[in-house]
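Listed below, chain by chain, are the residues.
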Amino acid sequence: MTATLNHQHASTERLPVQRYHSQSAETWYLWETEQVLATLDTSIGSGLSSETAAARLQRYGPNRLPDVVPRSRWSIFIEQFKSLPVLLLAVAAILSILTGGHVDAIVILGVVVINAIIGYATESQSETIIRSLKHLVQPRALVMRDGTPQDISAQDVVPGDVLMLRPGGYIPADARLIQTNQLSVDESVLTGESLPITKQIEPPRAEVPLGDRTNMVYMGTLVTGGQGLAIAVATAQFTEMGTIQTLVGTASLPETPMEQQLARAGSQLVVLSSVVCGIVFAIGLLRGYPLFGMLKTSIALAVAAVPEGLPAVATTTLALGIQDMRQHKVLIRRLDAIETLGSVQSLCLDKTGTLTANRMSVVDLYADQTQFIVREGQVLHDEQAIAPNHDDSLHRLMQILVLCNESDVNGMKRESGLPGSSTENALLELAIASSIDAVALRTSHPLLTVYHRSEDRKWMQTVHTTPQNTRLVAVKGSPVEVLALCDRQLNYNTVLPLPESDRRAIAQQNERMAGNALRVLGVAYAEVEAAAADPTTFIWLGLVGMADPIRKGTRSLMETFHQAGIDTVMITGDQRQTAYAIGKALNLSHNGPLEVLDSADLVHLDAETIKTLCGRSHIFARVSPAHKLKIVQALQDAGKIVAMTGDGINDAPALKAANVGVAMGHAGTDVAREVADVILEDDDLQTMAIAISRGRTIYSNIRKSVHFLLSTNLSEILVMLAGTSLGIGQPLTAMQLLWLNLVTDIFPGLALALEPPESNVMRQPPRDPSESIIQPAEFRRIAFESILLSVSSLAAYGYGLIHYGISAQASTIAFMSLVMAQLLHAISCRSKTQSLFSRSKRPVNYYLAIALMLSLSLQLLSAIIPGLNHLLDIEPLTLLDSAVIAISAGLPLLTNEITKGKGGVRSQESGVRSQESDMNLEKNES
């Protein structure tokens, strides 16, 4: 293969330089297949050899897109100084120098540096966690190497690899198609085209745009149907996706809605604080205070009053929430998905593999107008074991189950079981247990063509050659639709007409099986001459009923969702009767009437009617991918915040459209994982309850931090405004304001954002996503608490004035009182309703305990360390002074807890009621 001499260098201080060759940029889509194979020195039948693949991997490097260059540590640190509070502090430092206060200037700059170090530590940690989101999903690739299919990491794909494309698969490289069978690919991530593109192998006659290159597939796109073979022609940064990423360069992470809301609130508070500080400055001048002194105090007050850490609290909390969820096997792929989880109102649940264990087993058969029971792999009739033989239809049915099946029979020897879907495996295992030689049968009946289930055809069809040189067409799928294809039946190895009475008997058996919560398949076949067209009518064989047991604990989990105010909706391709039986067992209707809507009912209804029906239905049966999407969109049109769970390719459109798409980590397809916002790593729906609980808790904790920061910062403004307006001196100096901002804001604010979940978090209704993070009622409460803090501190200051006059001693008392009161106020901000006097106690927040001890220690050290106490104008305190400070600091906490009043009692009662249910949730978490 031709290659240029351009090299990409990747080096570190300790590792030697690794050089990778670039790949030639050819118009591969214009080339004939033979030319592509010859140029890349590969073959369709055997692919690359292991040695050649290893050499090319060494030459061209891993097949992964170059990482977006993260911000350097130095740039993150510098960013900490690019804010309004820092600018104001710089002005204050300059004023101190101009007025001879060089020590004050050093202290101010020290505060700036300390704030920057803390901001750098939290922001760099958050960025590391958030950047790691892109590495959550590690796609795989099925390639032909050494003449055998091999499942490898997508990073190990090299130019010349023969890619085997299957439904639901991730395309790991740019590749030229060489074989297709009804192959369709979702290229929306690359071209913006919303509909899947049908692929072919013929090259166009001239150059065409990327979206029209139908004989090419591209890295990062997804197979939505059919299958094919393709030759990898470009990997890593040389793919179309890699070119785009290189052009984009360093893409910044978008802000979540919550961060945007907090940024707006912060800007508004900056304006408000500036106005108030301007008033304080003007009043001070009118009172005769020195110009430079008042200017420095006003700037310090503005810095202390502005909660510049609001967006940082949100980012840090979301990032730490992602890390916490990972420990509970919940992988978050989008930052704002955490916010949305707390707002979920409708949870759409895919049945197979989500509500059920996805361990299918055949338990019921109907053939030769006879019912058979399958127990532990044995076929029973009247409790007697029978072996299907060549004289009955059951034997032919077993053969069709082997042929119309994509599970790899050679995988039977693997310890992990058969590779393939649970349904396919169950059918194959039954046939093998019934003494069908699956390997010999497939060898004597080679597969020619596969027609997979599709939107308008709910059955799978395979075409085989037979030893008699005829073609055997095998069919399995929806009993109703397969039966409609048949005009004959096999009865004890004799082909007979299929009268209406027998059709009714088959329909009754189908309803019986479905009513027992079985997944039912109809099986049929046809045999035609080799040169004949595909048959239009088939011979009916029988029904196969499979059980997929409901996952353990799923019914109680549905109850947990209902208590959390979340509607549970089951979406399944099963028949109405099967779906109803499962929905009843799970109590999806929460003890009400169970409403089932068949997808056939959706076809002829207008959008408004569909919206109404979707809003009250608990189950949607016989659903296609398009119907799943329509259901999700109808629920959204009704004003619901919708989460959709799924693991298959047919779930992908709905997962993408839902407010939160939730995919399964192990059983899920690449398509499902690529479009999902949340991945349940352990495939356990129980984890979804934890995810919602954490989503609600994270949002609630951010609100607690915001509440704390606003109420404490506002109290500082009120103290200074009151002192200056009343002409009783300045209760706090500029240095004390800066120190107060450093000690009381950062550590307690972050610790509140790490509160453990409240006991009744899953007994509260979902939050309205349109509501402001700070509601009017909360503003009133913040104002009340701020007044309490400021009045208490001013009372202590008044005591100081009586005993010491306007002096540093009085300011020390006010300073110590306000700091202690604000720190204790963090305890009150842990809950809006549950007071310290409630019988049910909140879980211990060790982070808050550590933060308060650290802040209190810093405050005490400021009073006893020589030099520091002088800079902060802290004077020695008597025992009486200390008692006044303690009372002044404790009164706001006591008052706040008492005024929670009846809310605390309600919280206490609901907490007691919910303890038993939440203990179960905590057990699941552990």
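Keep in mind that this is a model prediction, so the values were computed, not measured.

## Quick word on the overall build of the protein chain
Helix and strand counts for the protein chain stand at 31 helices and 28 strands. Counting only residues that meet the buried cut, the protein chain has 52% of its 926 residues in that class. Across the protein chain, contacts joining residues at least 24 apart in sequence account for 72% of those joining residues at least 6 apart. Approximately 39,900 Å² of the protein chain is accessible, and the part contributed by carbon and sulfur atoms is 58%.

## Some details on the environment of P479
Among the structural elements, P479 can be located in helix α16 (residues 479-485). Remark: the alpha-carbon pair of P479 and N510, spanning 31 residues in sequence, is separated by 7.3 Å. Residues contacting P479, with those up to four places away along its chain left out, are N510, V520, L521, G522, W540, L543 and Q575.

## Side note on the sheet that holds strand β24 (residues 596-598)
Strand order in the open sheet formed by eight strands is β10-β28-β27-β26-β11-β23-β25-β24, with mixed pairing between adjacent strands. Sheet topology places β10 (330-332) and β24 at the edges, where each strand pairs with a single neighbour. In this sheet, neighbouring strand axes are inclined to one another by 20° on average, regardless of whether the strands run parallel or antiparallel. Where β24 meets strand β25 (residues 619-621), three bridges bridge the pair, whose relative direction is parallel. Its bridge partner lying in β25, D598 is registered against A621. Packed on one face of the sheet, helix α19 (residues 576-586) meets β23 (567-571), β24 and β25 and runs near 155° to β25.

## What to know about the packing of helix α24 (residues 686-726) against helix α27 (residues 808-828)
Running from N to C, α24 and α27 point in directions that differ by 160°, and their axes come no closer than 10 Å. Judged by the angle between their axes, α24 and α27 are roughly antiparallel. Seen along the crossing, α24 lies across α27 with a hand that is right-handed. Contacts between α24 and α27 involve F708, S711, T712, S715, E716 and V719 from the first element and L818, Q822, H825 and A826 from the second. Each residue belonging to the contact of α24 with α27 can be placed in one class, and the counts come to four nonpolar, five polar and one charged.

## Some points on the confidence of the model for the protein chain
Put simply, the protein chain has an average pLDDT of 80, and 80% of its residues get 70 or more. In the model, residues 412-419 has pLDDT below 50 throughout and makes 15 contacts with residues more than four positions away in sequence or in other chains. Long-range and interchain partners of residues 902-926, a stretch whose pLDDT sits below 50, account for 34 contacts in this model, where long-range means more than four residues apart.

## Some words on helix α14 (residues 422-433)
Helix length check: α14, at twelve residues, gives a terminal C-alpha distance of 16 Å against a target of 16 Å (1.5 Å per residue), a fit within 8%. In terms of burial, α14 is largely enclosed, as nine of its twelve residues are buried. Of all the positions in α14, only S422, T423, E424, N425, A426, L427, L428, L430 and A431 are classed as buried. Two residues or fewer past α14, S435 is found with a positive phi of approximately 70°.

## Side note on the pattern of salt bridges
Applying the stated criterion across every chain yields a total of 19 salt bridges. With a shortest N-O distance of 2.9 Å, R488 and D487 are connected by a salt bridge. D487 gets classed as partly exposed once you look at its relative accessible area, which sits at 37%. E755 serves as the salt-bridge partner of R842, at 2.5 Å between the closest nitrogen and oxygen. Taken together, the residues R842 in the loop between α27 and α28 (846-864) and E755 in the loop between α25 (734-752) and α26 (776-804) connect sequence positions 87 residues apart. Judged by relative accessible area, which is 3%, E755 ranks as buried. Connected via shared salt-bridge partners are K704, E755, E758, R830 and R842.

Cut-offs used in this document
- Residues numbered from 1 in each chain as written.
- Predicted model: local features only at pLDDT ≥ 70, side-chain atom pairs only at ≥ 80, totals over all residues.
- Heavy atoms only, no water.
- Helix = DSSP H or I, 4+ residues; strand = E, 2+ residues; numbered from the N terminus.
- Buried < 20%, exposed > 50% of the residue type's maximum accessible area, 1.4 Å probe, protein only.
- Contact = heavy atoms within 4.5 Å.
- Areas by Shrake-Rupley, 256 points an atom, 1.4 Å probe, with all protein chains shown as cover.
- Pairing = 2+ DSSP bridges.
- Axes fitted to C-alpha atoms, helices over the stretch in contact; angles between N-to-C directions.
- Parallel < 35°, antiparallel > 145°, perpendicular 65-115°, else oblique.
- Left-handed = near helix turned anticlockwise from the far one by under 90°.
- Nonpolar A, V, L, I, M, F, W, Y, C, P; charged D, E, K, R; others polar.
- pLDDT = per-residue confidence, 0-100.
- Expected span 1.5 Å × (residues − 1).
- Salt bridge = Lys/Arg side-chain N within 4 Å of Asp/Glu carboxyl O.

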